[in-house]
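Observations on the three-dimensional arrangement
Spelled out from the first residue to the last, the chains are:
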Amino acid sequence: KRYKNLIGKKAKIPLFNFEVPIISDKSAEMEKGTGVLMICSYGDKYDVEAINRHKLQPRVILNQEGRINSGEYKGMSVKEARKKVLQDLKEKNLISEQKSISNFVNVHDKCGTEIEFLPTEQWFINILNKKKQMLEQGRKIKWHPDYMLKRYENWVNGLEWDWNISRDRHFGIPIPVWTCKKCNKTIAAEEKELPVDPLQTKKKCSCGETAEPEKKVLDTWATSSLTPQIGLSLVNDKINLPFSLRPQAHDIIRTWAFYTIVRSYLSEKEIPWSDIMISGFVTLQGEKMSKSKGNVIDPAEVLKKYSADALRFWAAGSSLGEDLDYQEKDILTGQKFITKLWNASKFAFMNLEGYKQEKPKNLEIMDKWIISKLNNLVKTCTGSFENYEFSRAKSETEIFFWHTFCDNYLEIIKKRIYEPASKEEKISAQYTLYQCLLAVLKLMAPIMPHITEELYQKYYKKNEKTKSIHLSKWPEFDKKLVDEKIEKIGDEFIDVLGKVRQYKTKNQKSLKAEIILTIEKEKMNVLKPVLKDLKAVTSSREIKEGSFAIEFI
Ligand SMILES: [Zn+2]
Ligand SMILES: [Zn+2]
């Protein structure tokens with residue numbers, strides 16, 4: 001209150017000898033409680049706001065290079081001038097107190113340079129009056145993961161400025177506009193004139209005066225916000241908005257995603273896409289990779305050392321919205337998967353020699369078992385891909401391939417293929433082998449397009465007739481082929497097989513070592529239909545009923 005009498009008076013600025021008004025302002029009431037304000041143009045963004053609120057005439061002391069533009073300090077950078085001013089104040093004995101304070105200063109995110117404010121004329125698109133509509137548009141879109149919608153909403157709710165679409169840069173897309181300096185008329189290019197650089201084309205105003213070309217260029221988001229429309233033009237507008245998907249990272253929800261939504265709303269009253277998939281960053285030891293910090297892994301090097309598929313395999317392991325740390329060992333896992341896929345396929349192709357696409361009348365139980373598992377896998381993967389959860393599709397296929405297919409199934413059918421008791425049981429195995437491997441290749445094709453295509457070309461193309469795996473039909477889930485009872489039998493089979501292998505390894509015997517296997521009565525009842533396969537894969541001379549035991553012969 002004791003300052004209230006100062007309102008309306010003027011304060012004299014030391015050193016410069018000019019006066020500034022003392023005004024009453026709400027921001028001062030909130031922050032310091034005096035309610036009295038004297039404004040420096042421009043200390044921070046609150047000064048900018050206060051100057052606009054009180055319609056004050058700013059005193060601009062910086063030029064575009066960030067140097068003082070007049071007076072005794074002319075030519076100095078902000079930091080140099082700051083030092084000199086302090087020194088001059090000291091000399092004139094004008095400092096009553098000096099202490100350190102900390103305050104927030106916005107900096108350029110790329111180089112850390114402090115930001116200074118300068119008034120310039122720019123082009124804006126009104127959006128502050130459309131927050132409600134933008135929130136509505138955002139909610140019409142399906143966000144993956146869904147919590148990312150909140151980030152969008154927070155951004156829209158917190159907007160304080162309209163959309164500034166122009167920039168004072170040397171390069172960029174020209175703004176196709178001329179302004180008549182005489183009558184202040186703005187002349188936009190005709191649609192048929194586009195694209196046009198106003199600097200290269202003269203325009204006359206209706207008053208007869210030659211209009212001035214716009215020298216500013218469009219900000220990058222002003223054009224990248226048009227990606228759906230640009231996409232449409234590439235297919236002669238044969239597709240309508242909304243598109244199906246925008247994939248992008250979370251750091252540009254407030255720019256690329258937001259402005260694209262704005263543009264599609266303003267020009268088509270539509271959402272640009274029905275779904276948006278938000279990924280995280282690639283990090284190195286938990287830090288975002290950045291060129292200036294130097295903590296960057298060059299993907300080209302990884303591609304050269306390993307392969308595109310190995311890199312993609314690693315990248316596909318990222319969960320939506322979450323950062324993924326780069327570790328070379330994860331690329332190696334991908335590389336191993338490729339090698340395994342190659343070797344297992346080669347082995348399978350060998351076993352499929354002479355197979356003529358016959359479909360057996362009856363499948364053996366263990367063949368039905370893996371086909372049932374495969375169908376569940378197809379269902380999970382299809383659902384995961386449809387929800388953009390590619391990492392789940394990847395890991396489920398990975399587990400199925402390594403364990404169910406390679407570790408177990410390929411071993412189980414060996415004997416039936418090499419020493420079949422009947423033609424039927426061999427064909428049952430070959431048919432199943434053919435279907436399973438083809439399905440695995442297809443499920444993996446979006447993630448590892450090269451190795452899967454190579455293997456498809458090598459074996460499947462001649463039978464399947466589709467010229468590329470990437471043009472082939474996605475595996476279809478068939479509910480009729482899922483059989484829980486059969487899966488239970490097969491799982492019991494795998495359990496016994498696991499125990500036998502473990503026992504042989506523990507006793508340092510070859511996995512082919514012959515044994516006599518004794519299993520409990522209940523298990524025997526379950527395993528009856530698959531004893532022949534079990535005998536073969538465990539190298540059992542005999543399977544007896546009794547308490548569980550494994551004896552070497
Ligand atoms: Zn900078
Ligand atoms: Zn004019």
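For the structure itself, look to the data block above.
Residues numbered from 1 in each chain as written. Chains lettered and ligands numbered in written order. Predicted model: local features only at pLDDT ≥ 70, side-chain atom pairs only at ≥ 80, totals over all residues. Heavy atoms only, no water.

**Focus: the sheet that holds strand E8 (residues 166-167)**
Read across the sheet, three strands follow the order E8-E13-E9 without closing on themselves; strand pairing throughout is antiparallel. With partners counted over all chains shown, the strands left at the sheet margins are E8 and strand E9 (173-174), one partner each. (Pairing = 2+ DSSP bridges. Helix = DSSP H or I, 4+ residues; strand = E, 2+ residues; numbered from the N terminus.)

**Description of the coordination of the zinc ion (ligand 2)**
The coordination sphere of the zinc ion (ligand 2), as far as protein atoms go, consists of Cys-180 (SG), Cys-183 (SG), Cys-205 (SG) and Cys-207 (SG), spread over 2.1 to 2.3 Å. Sequence spacing among the residues donating to the zinc ion (ligand 2) works out to C-x2-C-x21-C-x1-C. In this pair, Cys-180 sits in the loop between strand E10 (177-179) and strand E11 (186-188) while Cys-205 sits in the loop between E11 and strand E12 (212-213), placing the two residues 25 residues apart along the sequence. Across this residue pair, the class does not change: Cys-180 and Cys-205 are buried. (Donors = N, O, S within 2.8 Å, 3.2 Å for Na, K, Ca; no water. Buried < 20%, exposed > 50% of the residue type's maximum accessible area, 1.4 Å probe, protein only.)

**Regarding the coordination of the zinc ion (ligand 1)**
Protein coordination of the zinc ion (ligand 1) is provided by His-108 (ND1) and Cys-111 (SG), with donor distances spanning 1.9 to 2.1 Å. The exposed category is assigned to Cys-111, whose relative accessible area is 52%.

**A few points about the packing of aromatic side chains**
One pass over the structure, following the stated rule, counts 22 aromatic pairs. Look at Phe-313 and Phe-337: their rings are 5.1 Å apart centre to centre, the planes differ by 25°, and that puts the pair in the stacked class. Remark: Phe-337 occurs in helix H11 (residues 328-351) and Phe-313 occurs in helix H10 (residues 308-315); sequence separation between them is 24 residues. We classify Phe-313 as buried; its relative accessible area is 1%. Each ring, one from Phe-401 and one from Trp-402, has its centre 6.4 Å from the other, and the planes form 65°; the classification is edge-to-face. Here Phe-401 falls in the buried class, since its relative accessible area comes to 0%. In this structure Trp-402 comes out as partly exposed when scored by relative accessible area, which is 25%. Clustering of aromatic rings is evident, with ring pairs tying together Phe-313, Phe-337, Phe-401, Trp-402, Phe-405 and Tyr-409. (Phe/Tyr/Trp six-rings, centres within 6.5 Å; stacked < 30°, edge-to-face > 60°.)

**Remarks on the pattern of salt bridges**
A full pass over the atoms with the stated rule returns 28 salt bridges. Note that Arg-167 is salt-bridged to Asp-219, the shortest N-O span being 3.3 Å. A residue pair is termed long-range when its members are at least 10 positions apart, and Arg-167 in strand E8 and Asp-219 in the loop between strand E13 (217-218) and helix H6 (220-224) qualify at 52 residues. By relative accessible area, Arg-167 is classed as partly exposed at 23%. One salt bridge in this structure joins Lys-373 and Glu-487, with 3.6 Å as the shortest N-O distance. (Salt bridge = Lys/Arg side-chain N within 4 Å of Asp/Glu carboxyl O.)

**Notes on the packing of helix H13 (residues 390-418) against helix H16 (residues 484-506)**
Between two packed helices, the angle of one axis relative to the other and the distance separating the axes together describe the packing. H16 packs onto H13 with a crossing angle of 95° between their chain directions and a minimal axis gap of 12 Å. Classified by the interaxial angle, the pair formed by H13 and H16 is roughly perpendicular. Taking contact as the criterion, the partners of Asp-407, Asn-408, Glu-411 and Ile-412 in H13 are, on H16, Phe-493, Ile-494, Leu-497 and Arg-501. A breakdown of the residues in the contact of H13 with H16 according to their chemical character gives four nonpolar, one polar and three charged. (Axes fitted to C-alpha atoms, helices over the stretch in contact; angles between N-to-C directions. Parallel < 35°, antiparallel > 145°, perpendicular 65-115°, else oblique. Contact = heavy atoms within 4.5 Å. Nonpolar A, V, L, I, M, F, W, Y, C, P; charged D, E, K, R; others polar.)

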